[in-house]
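# What the coordinates show
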Amino acid sequence: MNTVVDLAQANLDNAGPKMARLGELLRHSIDVPMGFVVPPSACQPGADGFDETLAAEIARAYRRLCGGTDKPVVVRSSAVDEDGAKASFAGIYDSYLGVLGADRVVEAVRACWAGLHSERAVAYRQRLGAGGPAAAMAVGVMLMVPARSSGVAFTVDPVTGRDDRLIIEASWGFGEPVVQGVVTPDRIEVAADGRVLRNEAGDKKIALVYGKSGRMEHVQLPAGRARTPALTNDEAVLLSERVRAVAELAGQPVDCEWVIDDAGTVWIVQWRAVTALPAAEAPLWDPAEYAARYAFRSA
Amino acid sequence: MLSIEDFITDEWYPGFAPSFGHSPYIVEPFRSFTAADKDRFWFLDFHWARGLTPLGMIWNEDGYSWGTQWAAEQMPLPQGRGMTQRIAGTHTYAAVVPVRNKREIAARDKRMRAYLPSFLDRFDLIWRQRRSEIEISWQSLRSRDVSALSDDELAMMLVEARTYYRRLFEIHFEMMYPLLSNYLGFRGVCRELGFDAATVAKFLQGYETKISETDRALWQLAADARSGGLEMVFATTAPESLAVVLGADDAGRRWLSRLADFLEAYGYRTAGTADVALPSWIEDPTPVLSTVAEFLRQERPHDFDAAHDAAVEERETAIDDARGRLTRREQQVFDAGLISVQHANFPWWQDDHNYYIDLRASLPVRWVALELAERLGTDQHDDTMFLFWPELLDLAERQRGYYGMSKTIQARREYFDHWHDRRGEMPKMLGAIPEAIDDPLLIEIYGLDRGYMEAVRAEAAGVRVTTLRGIPAARGSARGRARVIREAGDLDKISAGEILVCESTSASWTPAFSWIAGCVCDSGGTLSHAAIVGREYGVPTVTACGVATSSIQDGDDVQVDGITGTVTILKGVQ
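The text that follows walks through the structure, step by step, so that each part is easy to find. Note that the structure is a prediction, hence the values are computed from the model and not measured. (Residues numbered from 1 in each chain as written. Chains lettered and ligands numbered in written order. Predicted model: local features only at pLDDT ≥ 70, side-chain atom pairs only at ≥ 80, totals over all residues. Heavy atoms only, no water.)

Next up on the list: the interface of chain B and chain A. On the chain A side, the residues contacting the 37 residues of chain B number 27 residues. Across the interface of chain B and chain A, roughly 2500 Å² is buried in total on both sides, 57% from carbon and sulfur atoms. It is R113, T327 and R329 of chain B in chain B that bury the most area against chain A; as a group they hold 21% of the surface buried on that side. The interface formed by chain B and chain A includes 4 salt bridges. In this structure, R297 of chain A and D438 of chain B form a salt bridge, with 3.0 Å as the shortest nitrogen-oxygen distance. (Contact = heavy atoms within 4.5 Å. Buried area = accessible area lost by both parts, 1.4 Å probe. Salt bridge = Lys/Arg side-chain N within 4 Å of Asp/Glu carboxyl O.)

Residues and elements named next belong to chain A. When you line up the elements, E189 lands in strand β8 (residues 186-191). On the accessibility criterion, E189 (3% relative accessible area) is buried. Within polar-contact distance, the side chain of E189 engages the side chain of R165 at 2.5 Å. Beyond its immediate chain neighbours, meaning those up to four positions away, E189 contacts R165, L166, I167, R195, V196, L197 and R198. (Helix = DSSP H or I, 4+ residues; strand = E, 2+ residues; numbered from the N terminus. Buried < 20%, exposed > 50% of the residue type's maximum accessible area, 1.4 Å probe, protein only. Polar contact = N/O pair within 3.5 Å; in protein donor to acceptor, adjacent residues only side chain to side chain.)

In this model, helix α2 (residues 102-121) of chain B (20 residues) spans 29 Å end to end at C-alpha, consistent with the 28 Å of a helix rising 1.5 Å per residue. Taken as a whole, α2 of chain B carries its principal kink of about 25° at Y115 of chain B; the proline P117 of chain B stands between one and four residues after it. For α2 of chain B, the complete set of buried residues consists of I105, R108, D109, M112, L116, F119 and L120 of chain B. Looking at the buried positions of α2 of chain B, the neighbouring elements they touch are α8 (287-295) of chain A together with α1 (58-72), β3 (80-88), α3 (123-142), α4 (151-192) and α12 (328-343) of chain B. With a side-chain oxygen positioned 2.8 Å from the backbone nitrogen of R103 of chain B, the residue opening α2 of chain B is N101 of chain B. (Expected span 1.5 Å × (residues − 1). Bend = angle between axes of the 7 residues up to and from the residue.)

All names here are of chain B. Strand order in the open sheet formed by 5 strands is β1-β3-β4-β2-β5, with mixed pairing between adjacent strands. With one partner strand each, in any of the chains shown, β1 (31-32) and β5 (429-431) form the two edges of the open sheet. In the sheet, β1 pairs with β3 via 2 bridges, with the strands oriented parallel. When the sheet's bridge partners are listed, R31 is paired in β3 with R86. (Pairing = 2+ DSSP bridges.)

Before going further, it helps to spend a moment on the environment of T270 of chain B. Residues and elements named next belong to chain B. Looking at the element boundaries, T270 is found in the loop between α9 (250-266) and α10 (286-297). Exposure remark for T270: the relative accessible area of 0% places this residue in the buried category. Residues T270 and S508, spaced 238 residues apart in sequence, show a C-alpha to C-alpha distance of 7.2 Å. Once you skip the residues sitting within four places of it in the chain, T270 turns out to touch L278, P279, S280, D358, L359, S362, L363 and S508. Looking at T270, its side chain comes within polar contact range of the main-chain oxygen of G272, at 2.8 Å.

With that settled, the discussion passes to the pattern of salt bridges. Under the counting rule described, the total for this entry stands at 63 salt bridges over all chains. Between D151 of chain B and R398 of chain B there is a salt bridge whose closest N-O contact spans 4.0 Å. Of this pair, D151 of chain B sits in helix α4 while R398 of chain B sits in the loop between α15 (389-396) and α16 (405-421), and the two are 247 residues apart along the sequence. Look at D151 of chain B and you get partly exposed, because its relative accessible area is 36%. Here D305 of chain B makes a salt bridge to R216 of chain B, at a shortest N to O gap of 2.9 Å. Here R216 of chain B lies in helix α6 (residues 210-227) and D305 of chain B lies in helix α11 (residues 304-324), a separation of 89 residues in the sequence. Within the structure, one salt-bridge network assembled from shared partners comprises D164, R165, R187, E189, R198 and E200 of chain A together with E330 of chain B.

Turning next to the pairing of strand β2 (residues 41-44) of chain B. Residues and elements named next belong to chain B. Burial along β2 is two-sided: F41 and F43 facing one way and W42 and L44 facing the other are all buried. Here 2 bridges tie β2 to strand β4 (residues 91-98), and the two strands are oriented antiparallel to one another. Note on β4: the bridge partner recorded for L44 is Y93.

The next point concerns helix α1 (residues 12-27) of chain A. All names here are of chain A. Its 16 residues give α1 an end-to-end C-alpha distance of only 14 Å, which falls more than 12% under 22 Å, the value for a rise of 1.5 Å per residue. K18 marks where α1 bends most, by close to 95°. Along α1, the positions that sit buried rather than exposed are N14, A15, G16, P17, K18, M19, A20, R21, L22, G23 and L25. In this structure, the buried residues of α1 make contact with β1 (5-6), β2 (35-38), β3 (73-79), β5 (137-143), α7 (233-250) and β13 (266-273). Measuring from the side-chain oxygen of the N-cap residue of α1 to the backbone nitrogen of D13 gives 2.9 Å; that N-cap residue is N11. Trailing α1 by a residue or two, S29 shows a phi angle of about 60°, which is positive.

Residue and element names in this part refer to chain B. Tallying each qualifying case throughout the model produces 42 aromatic pairs over all chains. Judged by centre distance (6.3 Å) and plane angle (50°), the rings of Y415 and W419 are tilted. On the criterion of helical spacing, the pair formed by Y415 and W419 is a turn pair, its members being 4 residues apart in helix α16. By the burial criterion, Y415 is buried, and W419 matches it. (Phe/Tyr/Trp six-rings, centres within 6.5 Å; stacked < 30°, edge-to-face > 60°.)

What follows covers the packing of helix α8 (residues 239-246) of chain B against α10 of chain B. All names here are of chain B. Packing of α8 against α10 brings their axes to within 8 Å, and their N-to-C directions diverge by 90°. In terms of axis orientation, α8 runs roughly perpendicular to α10. Residues P239, E240, L242 and A243 of α8 pack against T286, L289 and S290 of α10. Per-class residue counts for the contact of α8 with α10 are 4 nonpolar, 2 polar and 1 charged. (Axes fitted to C-alpha atoms, helices over the stretch in contact; angles between N-to-C directions. Parallel < 35°, antiparallel > 145°, perpendicular 65-115°, else oblique. Nonpolar A, V, L, I, M, F, W, Y, C, P; charged D, E, K, R; others polar.)

Residue and element names in this part refer to chain B. Taken together, 8 strands build an open sheet; the order of strands is β6-β13-β12-β8-β9-β10-β11-β7 and the sheet is mixed. Of all strands in the sheet, those with a lone pairing partner are β6 (467-469) and β7 (471-474), marking the two edges. Strand-to-strand twist in this sheet, taken as the mean axis angle between neighbours without regard to direction, amounts to 25°. Where strand β12 (residues 557-561) lies against strand β13 (residues 566-571), 5 bridges are found, and the strand directions are antiparallel. Across the sheet, residue V558 finds its bridge partner in β13, namely I569.

What follows covers empty space enclosed by the protein. Taken as a whole, this structure holds 4 cavities of 30 Å³ or more when the rule is applied. As a volume, the largest cavity reaches approximately 210 Å³. Lining the largest cavity are 21 residues, and of these Y207, E208, S212, E536 and Y537 of chain B lie nearest its centre. Elements supplying a minimum of two residues to the lining of the largest cavity: α6, α11, α13 (346-356) and α19 (529-537) of chain B. For the lining of the largest cavity, the per-class residue count stands at 10 nonpolar, 6 polar and 5 charged. Estimated volume of the second largest cavity: approximately 160 Å³. What lines the second largest cavity is a set of 16 residues, and nearest its centre among them are V74, R76, F174, V259 and V269 of chain A. Those elements that place two or more of their residues in the lining of the second largest cavity are β3, β5 and β12 (254-260) of chain A. Top contributing element to the lining of the second largest cavity by residue count: β12 of chain A, with 3 residues. Here the residues of the lining of the second largest cavity sort into 11 nonpolar, 2 polar and 3 charged. (1 Å grid on protein atoms, 1.4 Å probe; cavity = no way out; pocket = protein on both sides within 12 Å on 5 of 7 lines; lining within 4 Å. Points joined across faces, edges and corners; volume = space filled by probe spheres on them.)

Rendered as structure tokens:
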């Protein structure tokens, strides 16, 4: 019996929202790392042991994914009620990077399920008035792209709500330090017509990398590297085209996590729709308003 | 360290109890310091570094108090009622008159929003109308031969001249407030778009004004002297004696007649702003002669066209670069704002209006006052500069006699000289000094930004610096000997390649920018005179250093960096 689902076949029923979205990209030929999903129906959060059949299936799927030699993968939670209209649950459920070997993959899947009952998750749900733990969770297992640079991208400026540009935040290595706010990332802005309006280097002192030891590790970068742009303008433009394709598919503004490998290939590793903020009215010249704001401070 | 208490006194210019109530005012009159002033913030105004004579005090009454307060009600300024002044010795301190009531601020804000857009749209027409008004009154006053007037006519002209003076400054601030506000609005938007203040100033440089027209004519005079073979004469004769020496031969006389033509067109101008105590160039052409002498010492004449073209090119490049960094929607806002500020161009107006207002408003009052001195038989020809307005008017209307006043005038001259010499020790700020100034207009015009406040506070605390920081007003870098100059009349003390260090410059200082290597000012923002002219002439300029005139000594070897806004004292004079 095949419980495990190939990422290309992932949908809301068999894979949870997060993995379903990635599946959709794959079906539209947008580069997403290959992978498979343990469906919500297989979820056993409270069980003592692990269903041996399922474990074997996961192991088989993993080996098939790796195509011969064991490769590090990313194991991600995809709870059924995540990324809904009301709440994103961002940072509530777990993801595991650099998981190597079938045994560890199975362990990671189990740990994801256990996350449904974590204090953090329970408290979050209670705050939302959603009651007890979520019904179920899918777990995605995807090949980990060796990230030269990674980060996030928004097709709407998250602060101002302007949709006339795409905002990219980039850093060296994997994207978690950017998402977690551990580094000051580069900030790149790309106009709708493809012009790079800004490529401001941040201070990327720390990078998350997959070390030779086979473990994820945080390394400190020297000052020169920290301030060198993690993306060239051309790469930024390429990335922006990809992200815009995702937004078009979604029919809404989106927020993507992306990775660029040493070959310069752009991969989307997560994405979701963002509720569009009210579009800032772009006033033409309104002297009284600007005078009030900047000359008199009476606005 | 002097504080406000040191200046609260009933003793003032000898022989005159300050009865400031004689002049009409709108919200708050000009007067001397009292204890009630302790809780307000007062700053030393850089325009009148010599100090004001008794008659010169009409500036504070009419120009500074009345003018700003009147204009503040026109737009109106939402949170301010203009400015008021106090006197310490002979030196002027100014403060903002605030509006405190929130409902009133809201009402004023509403009126401003109705007034400002249409003013800006019609700016061209309005300024032309005001200029016409000014020219008509000016021609009327100028056409009179004061020596031929009867005593009654002279008295009437005195009053008329003062009315003219006051009206000019109503116009001055009526124009300035909306122009400056629009500029600050545009600059605020530009900052939102990611451009710094120095860049924004470039967008508006490179427009010819009446003042640059004057400077070109001065250079032409120098060229005429050169082609007339008069270089040696200028090089070897003191400016005060030039007129006599030149009159001795044909070539010299030919040049002198060119000078007369020049003075007829451009000579109705004083070496300072609105100060009746200052002579015009026509009255005393020494400043013109020494400027021409300085120009002749230059190896190459200042190439106005090249400098102008460079300024225009820098402007256009800056605008293109700026637009290239914007999205299409942002470009629309930027373009619309740029058109607005170019059309109602504040930096241009800041320079241009000096010709019509600041540099000649005081002359009609001065002509009458000098004529009165003549008729009264005073000891020195300008003794009437040391009478207060009520006294002068009484004398003109023959309500009193002159008998016994010469001693008082002499005492007042000494008082003036005493305070003139003390200018260097006058505190830059008095009263309740805030951490930072919140008023964008104040910051922009006077340069009272954070850096300025810090520098002045540090100096008061005894910190001595060799590196000064200010606003990078005009880019470029220069190194040279510093000359600390207090008033425009002393500009002949600075030679080519030297660095001008002063409280601030004004229109009368412009010619010097064609020979100095750099300029460092205590005060002034990016739209101050030094900043505007520095950019036009390509002279590295740093303003708002706060402590330039107190830290740098005459003869110090200094380096001026107009890009970073730093001034370094490389070697102090021994």
